[in-house]
Amino acid sequence: DNEAVAVAAIVCTFWLWLRSVRTPSSWPYGVFAGASYAYAAAAWGGGPIFVLNMVGVHALMLVVLGRFSTGVHKAYTLFWVIGTAGAIQIPVIGWQPIRSLEQLGPALVCLGYQVLCFCDMVRRYKKMDAREFVRFRVQAVGVLIGCVLVVAMLLYPTGYFGPLSSRIRGLFVKHTKTGNPLVDSVAEHQPASAGMYTSYLNLPLDFALLGGIVSCWKRNNGFYFLVLYGFIAQHFAGKMSRLVLICGPIVAVSCAIWCGFLLDQLLEPFLLFLGKKPGYTVEDEEEQPTESDSNGNATAAKEKAGAKAVAAKGKAKATKDSAKTPPKVAKKSSRKAEARVLEEWEEEERPGGAAQFKKALKNGIKEAIPEDFQQQYSDFRKMFDSTKGMTIRAVVAVAFVMYTLTIGGTIPRIVTFVRHCDNVAQSLSNPQVVYSVRDRTGKTHIIDDYLKGYQWIDQNTPKDARVMAWWDYGYQITGIAKRTSIADGNTWNHEHIATLGRTLTSPEKKAWNVIRHMADYVLVWAGGGGDDLAKSPHLARIGNSVFPDHCGDDDPKCNKFSFYSDNTPTPMMAKSLLYKQLCPTHASDARADRRSGEPGLVQGGAHDPERIDARLQGHEYIRGKQGMGQGPQEQSVRCPRQLVLRRPVPSSS
């Protein structure tokens, strides 16, 4: 469905974004990242909020980590402008990216990026040193914050900013505490359980943490995005079970990193035998600069693609800066003082800010390491890549592979995982309107009540009929019954949904006075564990959230609309339209009198002519026949599963 399509678009957007900030010259990928974001917004209503905020928070993190550059500025600006321009073309999104509180953050980050780019332009033009640049940038950011506050104060009274949606509030507060009964009533908004993680993530989840640890040795821009994604996905999935969906990509990526790391370690000794240059040699040690990269390995930085061209530019600018600021003399006289090789994400040596602070901190930590320890590490690395070391590593690699393939149990786990994935895929792909169950004797039954009920509507109602039902059935009414539905899963108007809840849980006369202006038929379902009778307390609460007079100000949770401990309905429920439609034999006045002008009965049987006795989903299915205008022959304490379609009859009939 939409979420399945959107996950592919979300992963594509994230990859293009990370590709655009890999090096300062890769910013053109931001164009494609913005287009992919617009596609994700069109595929899934919840997609744009997650994608936009993930990229926005990562862009802000790059600034905090001192990794801002003109390349990052161009990439994020293109992403936000193109993506937002595409998203606002979608009717259900509209101008939310620049009005909704949950999407304003990335817009402010984009505005801040423009200010930081302006500061860099002024720094280069005036050739500021570190102290002057820091002072100027603080002043510019302060002016930006002041202007934003003034604009917000002017626009807030006009109602320009939209409030946080109930679903977003549900990510930060306890379930059932969002203040919106409609959101609280949806089961998938409950916190995810440990069993759900095991079922949907399974084997890769066991290695995801190991992949994250391995990534610490290569702390590029993508690594910080991985950490950020993992934290957000884990936190929000713990708040809302449906968001386990977004844990899939990050778990798969982390597991793949771990598998790739193992594969590298297993193959490297054989590649060294074939002539690959070792990763640590005596020559590299002698030429190692005083300031290492974030991985502690300057050689690796030299081997990065495109680093030489960027390094040449950095050295030239570093020479200009050195004319103003005398270079720091290294304490270790055994190391040569050379210009630092820039990382793949760096464009130049930026004075001041987090980058310079991190560089000084790393140098301080390195100088605090005893020289004897550094010499021991150097000797170990040379031995590790020597002929003797390669032989030992090759033997260990072969032994590890043999252990994995024989007694390690990895192969059976992989086979089980593949079989589990197939089973889960089949269970998620099966239709929900037709499904199979087993009775107490083990016999399989095909439950097609929903399908036959919708087919009956298609065959026995006018083509232009409007059907009122709870929003859960809206898509099926439209797609299978081919009739107009009053509400479905894409109805964003809370008042619209609340009107349905209020009407269905009101007394018959009051409900009919509203329904006759909105619909031709009322559709309700009975007989299952999640039938409309079980949902009805939620319907009443949702209606009361917009119309407080429904249950009264003294009962905001509509406790008066419920069941007693003996499963008998409260007076308010017994009088409601929904209860009388579902259980007519339990209500003395359930049968409508057409002469009174109240709703008449048009009931379509959703059963086969004969239904054998079987206990399904904890309820009794009674043998009986149903037809036009004919009720069930028998009923248990809970109504048997049936389609009940009632039509409001004008008072003149």
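Anything mentioned here points back to the structure above.
Residues numbered from 1 in each chain as written. Predicted model: local features only at pLDDT ≥ 70, side-chain atom pairs only at ≥ 80, totals over all residues. Heavy atoms only, no water.

A. Structural context of the overall build of the protein chain. Helix and strand content of the protein chain: 26 helices and 9 strands. Considering the protein chain as a whole, with its 653 residues, one finds that 44% of them fall into the buried category. If you take every contact in the protein chain between residues at least 6 apart in sequence, the share linking residues at least 24 apart comes to 70%. Total accessible area computed for the protein chain in this model is approximately 34200 Å², and 62% of it derives from carbon and sulfur atoms. (Helix = DSSP H or I, 4+ residues; strand = E, 2+ residues; numbered from the N terminus. Buried < 20%, exposed > 50% of the residue type's maximum accessible area, 1.4 Å probe, protein only. Contact = heavy atoms within 4.5 Å. Areas by Shrake-Rupley, 256 points an atom, 1.4 Å probe, with all protein chains shown as cover.)

B. Geometry of the environment of Ser536. Within the element layout of this structure, Ser536 appears in helix 24 (residues 532-546). Take Ser536: its relative accessible area is 1%, and that puts it in the buried class. Along the chain, Ser536 and Thr505 lie 31 residues apart, while their C-alpha atoms are 7.1 Å from each other. Excluding residues within four positions of it along the chain, Ser536 makes contact with Thr505, Phe561, Met573 and Leu578. Among the polar contacts listed, one links the side chain of Ser536 to the backbone oxygen of Leu533, at a separation of 2.7 Å. (Polar contact = N/O pair within 3.5 Å; in protein donor to acceptor, adjacent residues only side chain to side chain.)

C. Summary view of the state of the cysteines. Here the structure, examined in full by the defined rule, presents 1 disulfide. Disulfide pairing is shown between Cys551 and Cys558; the S-S distance is 1.8 Å. Residues Cys551 and Cys558 are joined through a disulfide that is right-handed, its torsion about the S-S bond being 100°. Given the relative accessible area of 2%, Cys551 is considered buried. (Disulfide = S-S within 2.5 Å.)

D. Here's a closer look at the side chain of Ser36. As for its position among the elements, Ser36 is in helix 2 (residues 29-43). Given the relative accessible area of 8%, Ser36 is considered buried. Of note is the side chain of Ser36, whose polar atom sits 2.7 Å from the side chain of Thr13. When near neighbours in sequence (up to four residues on either side) are disregarded, Ser36 contacts Ala9, Cys12, Thr13 and Leu16.

E. Local environment of the environment of Val253. Along the chain, Val253 turns up in helix 12 (residues 247-273). Judged by its relative accessible area of 41%, Val253 falls in the partly exposed class. The sequence separation of Val253 and Ala208 amounts to 45 residues, and the corresponding C-alpha distance is 7.9 Å.

F. Representation of helix 23 (residues 508-515). Residues of helix 23 that are buried: Glu508, Ala511, Trp512 and Ile515. Within helix 23, the buried residues cover an arc of 100° as seen down the axis, which keeps them to one side. Against strand 3 (466-468), helix 22 (494-504), strand 5 (521-526), helix 25 (571-575) and helix 26 (577-582) lie the buried residues of helix 23. (Arc of directions from axis to C-beta.)

G. Structural view of the packing of helix 4 (residues 70-87) against helix 5 (residues 101-126). The N-to-C vectors of helix 4 and helix 5 enclose an angle of 150°; their axes lie 10 Å apart at closest approach. Judged by the inter-axis angle, helix 4 sits roughly antiparallel to helix 5. Our pair here, helix 4 against helix 5, has a crossing hand that is left-handed. Residue-level inspection shows Thr70, Val72, His73, Tyr76, Thr77 and Trp80 of helix 4 in contact with helix 5, the latter providing Pro106, Ala107, Val109, Cys110, Tyr113, Gln114, Cys117 and Arg124. Here the contact of helix 4 with helix 5 is composed, by residue class, of 9 nonpolar, 4 polar and 1 charged. (Axes fitted to C-alpha atoms, helices over the stretch in contact; angles between N-to-C directions. Parallel < 35°, antiparallel > 145°, perpendicular 65-115°, else oblique. Left-handed = near helix turned anticlockwise from the far one by under 90°. Nonpolar A, V, L, I, M, F, W, Y, C, P; charged D, E, K, R; others polar.)

H. Summary view of the pairing of strand 2 (residues 444-447). Only one face of strand 2 is buried: it carries His445 and Ile447, and the other face, with Thr444 and Ile446, is open. Two elements, strand 1 (residues 435-438) and strand 2, share 4 bridges in a ladder whose sense is antiparallel. From the neighbouring strand, Val437 faces strand 2, where its bridge partner is His445. Between the end of strand 1 and the start of strand 2, which pair antiparallel, lie 5 residues, with Gly442 showing a positive phi angle near 90°. (Pairing = 2+ DSSP bridges.)

I. A look at the nonpolar core. Core analysis: the biggest nonpolar cluster contains 54 residues, and Phe14, Trp17, Phe50, Tyr76 and Tyr229 have the highest contact counts within it. Contributions of two or more residues to this core are made by helix 1 (2-20), helix 2, helix 3 (47-64), helix 4, helix 5, helix 11 (221-237) and helix 12. The element best represented in this core is helix 11, accounting for 8 residues. Among the nonpolar cores identified, the runner-up in size contains 43 residues, and Ala511, Trp525, Met573 and Cys583 belong to it. (Core = buried A, V, L, I, M, F, W, Y, C linked by side-chain atoms within 4.5 Å.)

J. Seen up close, the packing of helix 2 against helix 4. Closest axis-to-axis distance for the helix 2/helix 4 pair is 7 Å, and the angle between their directions is 30°. Comparing the axis directions of helix 2 and helix 4 gives the class roughly parallel. You can see that helix 2 and helix 4 cross each other, and the crossing is right-handed. When helix 2 is examined against helix 4, the residues Gly30, Val31, Ala33, Gly34, Ala35, Tyr37, Ala38 and Ala41 are found in contact with a partner set consisting of Ala75, Leu78, Phe79, Ile82, Gly83, Thr84, Gly86 and Ala87.

K. Broad picture of a nonpolar patch on the surface. Together, Phe400, Val401, Leu405, Ile411, Ile414, Val415 and Val418 give the surface a local cluster of nonpolar side chains, amounting to about 560 Å² of exposed area. Looking at the nonpolar patch, the elements with two or more residues in it are helix 18 (387-405) and helix 19 (410-429). With 4 residues, the single largest contributor to the nonpolar patch is helix 19. (Patch = residues over 30% accessible without salt bridge, like charges linked within 9 Å, V, L, I, M, F, W, Y side chains within 5 Å. Salt bridge = Lys/Arg side-chain N within 4 Å of Asp/Glu carboxyl O.)

L. Structural context of the packing of aromatic side chains. According to the stated counting rule, one finds 17 aromatic pairs in the structure shown. Between the aromatic rings of Trp17 and Tyr76, the centroid separation amounts to 5.9 Å while the plane-to-plane angle is 75°, which identifies the pairing as edge-to-face. Of this pair, Trp17 sits in helix 1 while Tyr76 sits in helix 4, and the two are 59 residues apart along the sequence. We classify Trp17 as buried; its relative accessible area is 0%. Each ring, one from Tyr37 and one from Phe79, has its centre 5.6 Å from the other, and the planes form 50°; the classification is tilted. Residue Tyr37 is found in helix 2, and its partner Phe79 is found in helix 4; the two are separated by 42 residues along the sequence. Clustering of aromatic rings is evident, with ring pairs tying together Trp17, Tyr37, Phe68, Tyr76, Phe79 and Tyr113. Positioned above the aromatic ring of Phe133 is the side chain of Arg123, whose terminal nitrogen or guanidinium carbon lies 5.1 Å from the ring centre. Note that Arg502 overlies the ring of Phe547, its terminal NZ or CZ placed 4.6 Å from the centroid. (Phe/Tyr/Trp six-rings, centres within 6.5 Å; stacked < 30°, edge-to-face > 60°. Lys NZ or Arg CZ within 6 Å of the ring centre and 35° of its normal.)

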